[in-house]
Each structure stands twice: as C-alpha cells, then as structure tokens.
Amino acid sequence: VQLQASGGGLVQAGGSLRLSCAGSGRTFSRYAMGWFRQAPGKEREFVAAISGGGGSTYYADSVKGRFTISRDNAKNTVYLQMNSLKPEDTAVYYCAGRWGDYGMVSSEYAYWGQGTQVTVSS
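Presented here is an overview of the structure given in this document. Bear in mind that the values here come from a model prediction, so they are computed numbers and not experimental data.

Two pairing modes exist for strands in a sheet, parallel and antiparallel, and in both the strands are linked by backbone hydrogen bonds. Judged by pairing direction, the sheet is antiparallel, and its four strands sit side by side in the order 1-3-8-7 without closing on themselves. Two strands lie at the open edges of the sheet, namely strand 1 (3–6) and strand 7 (67–72), each paired on one side alone. Across this sheet, the average inter-strand angle for adjacent strands is 15°, counted without regard to direction. Sheet analysis places strand 3 (residues 17–23) next to strand 8 (residues 77–82), joined by six bridges and oriented antiparallel. Paired with S20 across the two strands is Y79, which belongs to strand 8.

Using the criterion set out here, one finds eight aromatic pairs in the structure. For the ring pair Y31 and W99, a centre distance of 5.0 Å and an interplane angle of 85° mean the geometry is edge-to-face. One end of the pair, Y31, is in strand 4 (residues 31–38); the other, W99, is in strand 9 (residues 91–99), with 68 residues separating them in the sequence. Looking at Y31, the relative accessible area reads 8%, which means it is buried. An angle of 65° between the planes, with centres 6.4 Å apart, marks the rings of Y109 and W112 as edge-to-face.

Definitions and limits used
Residues numbered from 1 in each chain as written. Predicted model: local features only at pLDDT ≥ 70, side-chain atom pairs only at ≥ 80, totals over all residues. Heavy atoms only, no water. Pairing = 2+ DSSP bridges. Helix = DSSP H or I, 4+ residues; strand = E, 2+ residues; numbered from the N terminus. Axes fitted to C-alpha atoms, helices over the stretch in contact; angles between N-to-C directions. Phe/Tyr/Trp six-rings, centres within 6.5 Å; stacked < 30°, edge-to-face > 60°. Buried < 20%, exposed > 50% of the residue type's maximum accessible area, 1.4 Å probe, protein only.

Shown next as structure tokens:
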C-alpha cells in the first residue's frame, strides 16, 4: 500500500489540526494504520493506531484525550484529529500501515507515508 500524509501546518498552542493519510489499493481495510512523530533530535515515537475495520484504537499517553484517530475505508483514508495542541507536539508526523493487527512499534510497520510537519507555537 502507498501512503500520502497531508494536513500539517503552523498552529498556536491550544489550537487544532486534522491530518489525513490517503492510501492506495483495494485492500486498505486489511491494514492496521498508525501515526508516529519525530521531533528534531529525538527518536520516532508512537502516537496512535487503529485496526483495519476501525473498531479498535490505541493512543500514547501523551496524546490520550486530545488526539483522535479514525478511518474511512471507503475513501482509503485515515485521520488524526489533534486538539489542544501543545508546543511539545511539534514534530514531523508520519502515517504507517501494517498488514493485520495494529502495533505500537515503528519496526512493525512496513509501509510509510512521507511525513507532514506540525508546528505548534507558544
């Protein structure tokens, strides 16, 4: 599956952004999807994941209650709604896909989008 992320930008602290990740192929619903992020000088970290059918989701503690992952398999798209953004959310955000169950480790994902920059100003 090929993935393309979009929706990043510059936002003030407390604001919101919605990221999108468009996938290709007729089997998109068979892929669990995840969002990861990487800030300058830091390792890539898990943000959120969703099962292929959309019935199960999982979040990093740092974003729980502020971010929501969802998907529309009819549109081959997964979303990350980010509310109450903080400066520490500033990073390049990547969407990723893996066949089967969702995971929280980047090495479990075989397919990656190109990343989209999110910058939160204080």
